[in-house]
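What the coordinates show
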Amino acid sequence: MSDAAAYATFKQTYETGKEIAGKYQHLYTRSLLFYSFSFINQGLAYLSIYLIFVALFSTPVETSAALIWLALFAVFTCLSGISRWFAHDFDYTGTLPRVMHGLRMTLGDKLRTMPLERLGRYKTGELNASLSSNVDESVTMLGMISGMFLDVVITPLVVVTGLFFIDWRMAVIVMVMMPLAIPLYKRKRQSGMAEKSDMGRANAALESNIIEYIQGLAVLRATNQTGANAKRLYEGIIHVRDLQKSTIVKTTTLMLVLDALILVTLIVIGFLGSLWVGDATMSVAAVAAVLVMVSRLMEPMSIFLAITAVMDIMAASFKRVKEVLAVAPLDVEEPQAEISSYDVEFRSVDFRYHGQEDMALKGVSVRIPGQSMTAFVGPSGSGKTTMTKLMMRYADPQKGVIEIGGADIRHMSQGYLLSMFSVVFQDVYLFDESIIENIRIAKPGASDEEVRDAARAAHCHEFIERLPDGYDTGVGDIGGSLSGGERQRISIARAILKDAPIVILDEPTAALDTESEVAVQNAIDKLVEDKTVIVIAHRLSTISGADNILVIDKGEIVESGKHDELIAKGGKYFNLWSAQQRVKEWHISA
Ligand SMILES: Nc1ncnc2c1ncn2[C@@H]1O[C@H](COP(=O)(O)OP(=O)(O)OP(=O)(O)O)[C@@H](O)[C@H]1O
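Since this is a predicted model, take the numbers as computed values, not measurements. (Residues numbered from 1 in each chain as written. Predicted model: local features only at pLDDT ≥ 70, side-chain atom pairs only at ≥ 80, totals over all residues. Heavy atoms only, no water.)

Let us look at the site of the ligand. Neighbouring the ligand are 13 residues; S380, G381, T385, T386 and H538 lie closest to it. Contact between the ligand and G381: an oxygen atom at 2.8 Å from a main-chain N or O atom of the residue. Between an oxygen atom of the ligand and a side-chain N or O atom of T386, the distance comes to 2.4 Å. Compared with its free state, where it exposes 630 Å², the ligand has 62% of that area covered by protein. Residue classes in the shell around the ligand are distributed as four nonpolar, eight polar and one charged. (Near = heavy atom within 4 Å. Polar contact = N/O pair within 3.5 Å; in protein donor to acceptor, adjacent residues only side chain to side chain. Areas by Shrake-Rupley, 256 points an atom, 1.4 Å probe, with all protein chains shown as cover. Nonpolar A, V, L, I, M, F, W, Y, C, P; charged D, E, K, R; others polar.)

This is how it looks when you write it as structure tokens:
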């Protein structure tokens, strides 16, 4: 234990423990002090066994002295037990679950404020692992480890110090034998961290493979690809099994060697003790007491390597938690912005996605006037969605400024900025709650009547009323039985309820049949009244009435104007329009 590397590790573990404990640090430190006090008393209790034996082995037997030393033994044991009670899991009132809760809440807040672009780089399973198993492992192991570690260190130290007063030769034997464990410890520590990191990575990858496999099962079945993906999952399971096997084999071997070392110590003590009793340089009481004490140390010493494994798992798990906590939120610059309108302006905006070579947006400068309808058109991958994402601060552009109402959006809090937007996507996510709560999510606190009014305006009241429990029908109960158009209209009801001044429509009617399209279009007409409306459109016929059309190509705005102006110009828009007209004609003649 006096070895520098071991000391550093103990210190690091202590520091990690303080970090995990967060605002309960003082209780953690207090708990360690109580544990230390407990194990000092435990060592003293073991030493008092010697005094009891001396009294019992004397002729005649000194019964009253034996009883006094027994009382002392009882006092030390009680003090040890009581202080362990105060130390346990920081204190006996349940601090540990509070630490776990606190850490999860901090992680939850981090996910809420993390730039969406950064969030998108994680696999679902990775975040799942950080929030659940890694938090569990970090905190639970912290609770386990503090007591175990101090038990292994302090009790033997007290006993060995006491042994010097009983028989220095015995103390030397124990001091020589015990440090032999240090090379084992060092070897285990070196390989341990790498193993635990590998295991952590393999488990996170497996969790994310499982989630992706389950989420994508419907698509995989439809494309008859279950076999190929199951193979990836199977390989992940095998990899985790192999890592576990190798860790168990290594750890068990080292533990058996350590157990053997302790047994050899006992045999050496018994053998030399017998010789020294024989030449009258040591008493029978002393040999008996030393054998009892050293065998009592066996249990904590034999779990010594298990403790190092726990220290490694805790450090590796908390490292993953810390990686998530270290992601910087999008800063909100001071002073907070005051806005005068809902115009949206891009000034020389360049944006490149993380890890991509090509720019998604190049020198985009455009003003989208408030209370008007602007359409983004252009080929797939041209940057239309990226423009809408940047308005909501999905990420900050590498160059340029985005303003709303004349104010830089970096000067707006996330809550304020997002309160200005309603978005209707093609894919509508419904939470596993009732229909009414699914709509109310857009405006928590809205009354039932407000929600129903929004649903009526979005033309979904009728189909909701026909569901088994009307508005209280659980989305989980009806599963995928809502049609695309119905889901769209629920999404529009959310947007109507939110009543935000800027509405983004990501081509919501593109995937619908004609009947649903008419219903959804009616709902949209209600939603966009008096709003700044931005429509991402592939089918140009749906936006020919827009106040302004921006034609985007390879991240640049290449044309802008009204439909008639752009047609007259005979450029990119004209080509897109003509191509779509030709497709329509083919459909009619086919
Ligand atoms: N999360 C992402 N990470 C990396 N690259 C991305 C990401 N999202 C989009 N891109 C890339 O940025 C470019 C612009 O994408 P964007 O989604 O803005 O295009 P779009 O015009 O909306 O396309 P579509 O009409 O197909 O939706 C594309 O090259 C795309 O591959």
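Still more to cover.
With that settled, the discussion passes to the side chain of H563. For H563, the location among the structural elements is in helix α21 (residues 563-569). For H563, the side chain forms a polar contact with the side chain of Y573, separated by 2.8 Å. Once residues within four sequence positions are removed from consideration, H563 is found in contact with S544, I549, Y573 and W577. (Helix = DSSP H or I, 4+ residues; strand = E, 2+ residues; numbered from the N terminus. Contact = heavy atoms within 4.5 Å.)

What follows is about the sheet that holds strand β5 (residues 407-408). Spatially, the four strands line up as an open sheet ordered β2-β1-β4-β5, and their pairing is antiparallel. The open sheet terminates on both sides in strands that have one partner only, identified here as β2 (361-368) and β5. Direction of pairing for strand β4 (residues 399-404) relative to β5: antiparallel, over a ladder of two bridges. Along β5, the bridge assignment pairs I404 with A407. (Pairing = 2+ DSSP bridges.)

Time to look at the sheet that holds strand β8 (residues 532-536). Adjacent strands of a sheet pair through backbone hydrogen bonds, lying either parallel or antiparallel. One open sheet accounts for six strands, arranged β6-β7-β8-β3-β9-β10; its pairing is mixed. Each end of this open sheet is capped by a strand with a single partner; those strands are β6 (421-424) and β10 (556-561). Looking at each pair of strands side by side, their axes are set apart by 20° on average, direction ignored. As judged from the four bridges shared by strand β3 (residues 373-377) and β8, these two strands associate in the parallel manner. Bridge pairing in β8 places M373 opposite V533. (Axes fitted to C-alpha atoms, helices over the stretch in contact; angles between N-to-C directions.)

Under the counting rule described, the total for this entry stands at seven aromatic pairs. Ring geometry for F351 versus Y353: centroids 5.0 Å apart, planes at 75°, classification edge-to-face. Both rings, one in Y353 and one in Y394, keep their centres 6.2 Å apart while their planes meet at 70°; by these two values the pair is edge-to-face. Taken together, the positions of Y353 in the loop between β1 (344-351) and β2 and Y394 in the loop between α13 (384-391) and β4 put the pair 41 residues apart, joining distant regions of the chain. Residue classification places Y394 among the buried residues on the basis of a relative accessible area of 14%. Among the aromatic residues, those joined into a cluster by ring pairs are F351, Y353 and Y394. A cation over an aromatic ring shows up here: K389 above the ring of Y394, its NZ or CZ 4.4 Å from the ring centre. Lying across the ring of Y471, R452 places its NZ or CZ 4.4 Å from the centre. (Phe/Tyr/Trp six-rings, centres within 6.5 Å; stacked < 30°, edge-to-face > 60°. Buried < 20%, exposed > 50% of the residue type's maximum accessible area, 1.4 Å probe, protein only. Lys NZ or Arg CZ within 6 Å of the ring centre and 35° of its normal.)

Attention now goes to the environment of V290. Mapped onto the elements, V290 comes out in helix α11 (residues 284-302). Judged by relative accessible area, which is 0%, V290 ranks as buried. For the pair V290 and V160, spaced 130 residues apart in sequence, the C-alpha to C-alpha distance is 9.9 Å.

Turning to the packing of helix α16 (residues 448-457) against helix α19 (residues 484-498), a few remarks are in order. It is the contact of α16 with α19, at a shortest axis distance of 8 Å, that shows an interaxial angle of 125°. Compared by their axis directions, α16 and α19 come out oblique. Considering only the axes of α16 and α19, their crossing is right-handed. Here E450, V451, A454, A455 and A457 of α16 come into contact with α19, specifically with A493, I496 and L497. (Parallel < 35°, antiparallel > 145°, perpendicular 65-115°, else oblique. Left-handed = near helix turned anticlockwise from the far one by under 90°.)

Counting residues in each nonpolar core, the largest one holds 65 residues, and the members touching the most others are F90, V139, L163 and M293. Only α1 (4-21), α2 (25-57), α4 (95-113), α6 (124-166), α7 (168-177), α10 (226-278), α11 and α12 (304-325) provide two or more residues apiece to this core. With 16 residues, the top contributor of residues to this core is α6. Dropping the residues within four chain positions of it, M293 is found in contact with Y46, L47, Y50, V159, L163 and I166. Judged by nonpolar contacts, the second largest core, of 45 residues, contains I435, V535, I549 and L566. (Core = buried A, V, L, I, M, F, W, Y, C linked by side-chain atoms within 4.5 Å.)

This part covers the environment of N522. With respect to the element layout, N522 can be found in helix α20 (residues 514-527). Separated by 65 residues in sequence, N522 and A457 place their C-alpha atoms 8.8 Å apart.

A few words on the pairing of strand β7 (residues 502-506). Buried residues dominate β7, accounting for five of its five residues. Of the two faces of β7, both are covered, the one formed by I502, I504 and D506 as well as the one formed by V503 and L505. Here β6 runs beside β7; their pairing, made up of four bridges, is parallel. Bridging from a neighbouring strand, V424 pairs with L505 of β7. The pairing of β7 with β8 spans five bridges and is classified as parallel. Bridge assignment links D506 to a residue of β8, and that residue is I536.

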